[in-house]
Amino acid sequence: MTHGMKRGARKAVMLVVFAGMLVGFCFSVRELWNWLMPVIFGLPHIGLGQAFGLLLLSRILFGGFRGWPSHRGRWGHRMRERWDEMTPEEREKFRLGMRGRCGQFGDREPAAGSPVP
């Protein structure tokens, strides 16, 4: 088998696997919808095509088409570049600002004035 044929066979297998995963995901959405929505909200049952449309609509509304998942990598890379360009004083100022907004992860003792869990 030549290298080009191997590549073509690999692409065909990947396409079949992707299609199978998509159908399986649509099936799961359809089953969850048909199990919950008619009972809770009185909505009608849906078919597999409608489940696919629901997935597509939720992707458009909540996820967009930003090249998932690579857009997360670009953000992290850009943040790393900014961090590397900061002086030690700027880094400490950033840490303190984030600590004031988010708290410090891993603190064993609560901050002064906060209730003890």
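Residues numbered from 1 in each chain as written. Predicted model: local features only at pLDDT ≥ 70, side-chain atom pairs only at ≥ 80, totals over all residues. Heavy atoms only, no water.

A.B. asks: How do you make sense of the environment of Ser58 when you look at a structure like this?
C.D. replies: Tracing the chain through its elements places Ser58 in helix H2 (residues 48-63). Within polar-contact distance, the side chain of Ser58 engages the backbone oxygen of Leu55 at 2.8 Å. (Helix = DSSP H or I, 4+ residues; strand = E, 2+ residues; numbered from the N terminus. Polar contact = N/O pair within 3.5 Å; in protein donor to acceptor, adjacent residues only side chain to side chain.)

A.B. asks: Help me out: how do you make sense of the packing of aromatic side chains in this one?
C.D. replies: Any pair of aromatic rings gets described here by the distance separating the centres and the angle formed by the planes. A complete count under the given rule lists 1 aromatic pair for this structure. When the ring of Trp83 is compared with that of Phe94, the centres are 6.0 Å apart and the planes differ by 70°; the resulting orientation is edge-to-face. With Trp83 in helix H3 (residues 70-85) and Phe94 in helix H4 (residues 88-102), this pair connects stretches of sequence that are 11 residues apart. Residue Phe94 is classed as partly exposed on the basis of its relative accessible area of 32%. (Phe/Tyr/Trp six-rings, centres within 6.5 Å; stacked < 30°, edge-to-face > 60°. Buried < 20%, exposed > 50% of the residue type's maximum accessible area, 1.4 Å probe, protein only.)

A.B. asks: Help me understand the environment of Val23, please; the structure alone is not making it clear to me.
C.D. replies: With respect to the helices and strands, the residue Val23 is situated in helix H1 (residues 3-41). Sequence spacing of Val23 and Phe52 is 29 residues, and the spatial spacing of their C-alpha atoms is 8.3 Å.

A.B. asks: Just checking my understanding: could you explain the confidence of the model for the protein chain for this structure?
C.D. replies: Atom-level detail of predicted coordinates should not be read off regions where pLDDT is low. Looking at the protein chain as a whole, its pLDDT mean stands at 81, while 75% of the residues score no less than 70. The spread of mean pLDDT over the elements of the protein chain runs between H3, the lowest at 77, and H1, the highest at 91. (pLDDT = per-residue confidence, 0-100.)

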